[in-house]
Amino acid sequence: MKTDALIALLAADAGPVPRHAATRRLAWGLALALPLSVALLLAAYGVRRDIGEAVGWPMFWVKLLFPACMALAAFVAVQRLARPGVRVGAAWLALAAPVVLVWALALVVWMGAPAGERAALLWGVSWRICAGSIVLMAAPVFIVAMGVLRSMAPTRPTLAGAAAGALAGGAGASVYALHCMELAAPFLAVWYVSGIALTALLGAALGPRLLRW
Amino acid sequence: MKRTTPGSTQPLLDAEAALHDLFVRGQAGDAAAYRDFLVRLGAHLRGFLGRRLFGWPDDVEDLVQECLIAMHNQRHTYQSDQPLTAWVHAIARYKMIDLLRAKGSREARHLPLDDDLEVFAESAIEASDARRDLGGLLAGLPDRHRLPIVHVKLEGLSIAETARKTGMSESAVKVGIHRGLKALMLKIKDDR
C-alpha cells in the first residue's frame, strides 16, 4: 500500500481519544483487583484474630504501609512506562526508599537484640509461606496491571513488567499483612521484600513476552 | 510517490510545534488537521528512520507505515504534558529495534545481506586486493547469482538499477544476492 493511501485511511478515523488513559485504566483496575485480593486472603487464610488489638501497634502499620508505599511508587512508574518517551524519574527512588527504610530499621533491631533472639527475629514462625503467599495475594493486581500495560504502549517491556510486578507485590504484601502474625523488622526486611521482589522479577521475565505490541 | 522534505533538515523545535498543533486539532475531531499531521509525521519518520537504516532503504518505507499505524492506534498513550517528538521517537525506535531483531534472527539462520559480511568489511585500501581474490571465486558462480552481487555489493548500484541492467526482476536480484552470498561463503570456507 502507498503511504498516502494509508494516511487517508487513518485520517478518516480522527477524533477524540480517552485522556490520561494509563492512569485511569490502572486506577480502575486496582479498584477491581484489590477487593479480589482481599477476598482471596479471606478464603485462603483469614484475617488475624487479634486484628482489633493489632491496629494499635506501630509495627503492624509499618508492615502494612511500607509495601503500600512501594505499590504507590510502582503505580506511578507503571503509568509512566505505559507511555512512550516518558521518563520514570524519581518514581524509582520512591520505590527504593521504603526498602531502604525497613532495612535500616531491621538493622537497628538486629544490632540491639541479644544474639540468642536474633534467629527468631529473622525466621519468625511463618518464613516458609511468607514470600509465596505474597506472590499469591499479588496475582489479581498483577494480572490487571499487565492487562492495562498491554492496552498501552510500553517501549521498555522488561522494566514495565518489573514495575507492574512491584505494584502487584506491594499491594499483595499489604493485603497479606492483614493475616500475617509477624512483627519483627528483620523478618519484614527479608521475607516481605523477597515476596515483592519475586513478583517484580516475574513481571520482568514475562514483560518481553506479554507486552509486545 | 511524492517525497516531502525529510525532518532532518528541520530543527526539532519546528517539528515539535507544527506536529503538536496539528495533532491536538486532530484529537479534537479535525480530520483535515489530522491528515496533515500524518503526512508531516510520515515525512519526519522517513528522515528519522532513513538516517538510521541507510543500509536497508527498502525497509524504511515499510517501517514508516508500520510506525504510522502504531502511532494512530496508540494515540491515547500520548499526554499533552509531554513533548510529542519524544513520544514519536520512542515509538519509532521501538519499532525499528523490533525490525532489526527480526532481521537479526532471519539472517542468523541464513547469511547477512549486508556490509558486515567479512569479505566486504575490509577497509578501502584493502578493497582492491580483496576483490581480486574474490573475482576467482565469483567467476565460479552462475550469472544469476554473480551479476547481482557484482552490481549491488561491489559496484554499489541499487537493486532497481541492477534489475534494469541485467534484465532480471528485482526480487530475482535480491534472491540472487542472498543465495549467491551463501554459496560464496561456502566456497571461502573451503578455500581456507
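Residues numbered from 1 in each chain as written. Chains lettered and ligands numbered in written order. Predicted model: local features only at pLDDT ≥ 70, side-chain atom pairs only at ≥ 80, totals over all residues.

Draft legend 1. Structural detail: the overall build of chain B. Per the secondary structure count, chain B includes 8 helices and 0 strands. Moving toward the C terminus, one meets the helices and strands of chain B in the order α-α-α-α-α-α-α-α. Counting every position in chain B, which comprises 192 residues, the buried fraction comes to 30%. Considering only contacts within chain B whose residues lie at least 6 apart along the sequence, 59% involve residues at least 24 apart. (Helix = DSSP H or I, 4+ residues; strand = E, 2+ residues; numbered from the N terminus. Buried ≥ 20, exposed ≤ 12 C-beta atoms within 10 Å, placed from the backbone. Contact = placed C-beta atoms within 7 Å.)

Draft legend 2. Local environment of the overall build of chain A. Counting its regular elements, chain A contains 9 helices and 0 strands. In chain A, the succession of α and β elements from N to C terminus is α-α-α-α-α-α-α-α-α. Overall, chain A is about 75 × 35 × 25 Å in size when its C-alpha atoms are taken along their principal axes. Going through the 213 residues of chain A one by one, you find that 46% of them count as buried. Taking as baseline every contact in chain A between residues at least 6 positions apart, the subset at least 24 positions apart corresponds to 87%.

Draft legend 3. Focus on the packing of helix 7 (residues 127-150) of chain A against helix 9 (residues 185-210) of chain A. Residues and elements named next belong to chain A. Where helix 7 meets helix 9, the axes come as close as 8 Å, and the angle between the chain directions of the two elements is 35°. Crossing angle aside, the handedness with which helix 7 passes helix 9 is right-handed. Contacts from Trp-127, Cys-130, Ala-131, Ile-134, Val-135, Ala-138, Phe-142, Met-146 and Arg-150 of helix 7 reach helix 9 at Trp-191, Tyr-192, Ser-194, Gly-195, Ile-196, Leu-198, Thr-199, Gly-203 and Leu-210. The class makeup of the residues in the contact of helix 7 with helix 9 is 13 nonpolar, 4 polar and 1 charged. (Axes fitted to C-alpha atoms, helices over the stretch in contact; angles between N-to-C directions. Left-handed = near helix turned anticlockwise from the far one by under 90°. Nonpolar A, V, L, I, M, F, W, Y, C, P; charged D, E, K, R; others polar.)

Draft legend 4. Seen up close, the nonpolar core. Residues and elements named next belong to chain A. Ranked by size, the top nonpolar core spans 90 residues in total, and within it Ala-74, Val-78, Ala-145 and Leu-167 carry the most contacts. Top contributing element to this core by residue count: helix 7, with 14 residues. Not counting chain neighbours up to four residues away, the residues in contact with Leu-167 comprise Ala-71, Ala-74, Phe-75, Val-78, Val-141 and Ala-145. (Core = buried A, V, L, I, M, F, W, Y, C linked by C-beta atoms within 7 Å.)

Draft legend 5. Inspection of the interface of chain A and chain B at higher detail. Counting residues at the interface gives 25 residues for chain A and 29 residues for chain B. Every element with two or more residues in the side of chain A that touches chain B is listed here: helix 1 (3-11) and helix 2 (21-44) of chain A. Looking at the side of chain A that touches chain B, its residues break down into 16 nonpolar, 5 polar and 4 charged.

Draft legend 6. View of the confidence of the model for chain B. All names here are of chain B. Across chain B, the average pLDDT comes to 75, with 69% of residues at 70 or higher. Considering each helix and strand of chain B separately, the mean pLDDT is smallest for helix 5 (residues 124-139), with a value of 48, and largest for helix 2 (residues 31-52), with 92. Here residues 1-10 is a poorly scored stretch, pLDDT under 50, and it has 18 contacts once near neighbours within four places are set aside; other chains count. Both scores are given for the predicted complex: the pTM is 0.74, the ipTM 0.87. (pLDDT = per-residue confidence, 0-100.)

Draft legend 7. View of the packing of helix 7 of chain A against helix 8 (residues 157-176) of chain A. Residue and element names in this part refer to chain A. Taken N-terminus to C-terminus, the directions of helix 7 and helix 8 make an angle of 140°; their axes are 7 Å apart at the nearest point. In terms of orientation, helix 7 and helix 8 fall into the oblique class. The handedness of the crossing between helix 7 and helix 8 is right-handed. Between helix 7 and helix 8, the contacting residues are Ser-133, Ile-134, Val-135, Met-137, Ala-138, Val-141, Phe-142, Ala-145, Met-146 and Leu-149 on the first element and Ala-160, Ala-164, Gly-165, Leu-167, Ala-168, Gly-169, Ala-171, Gly-172, Ala-173, Val-175 and Tyr-176 on the second. The residue makeup of the contact of helix 7 with helix 8, split by class, is 17 nonpolar, 4 polar and no charged. (Parallel < 35°, antiparallel > 145°, perpendicular 65-115°, else oblique.)

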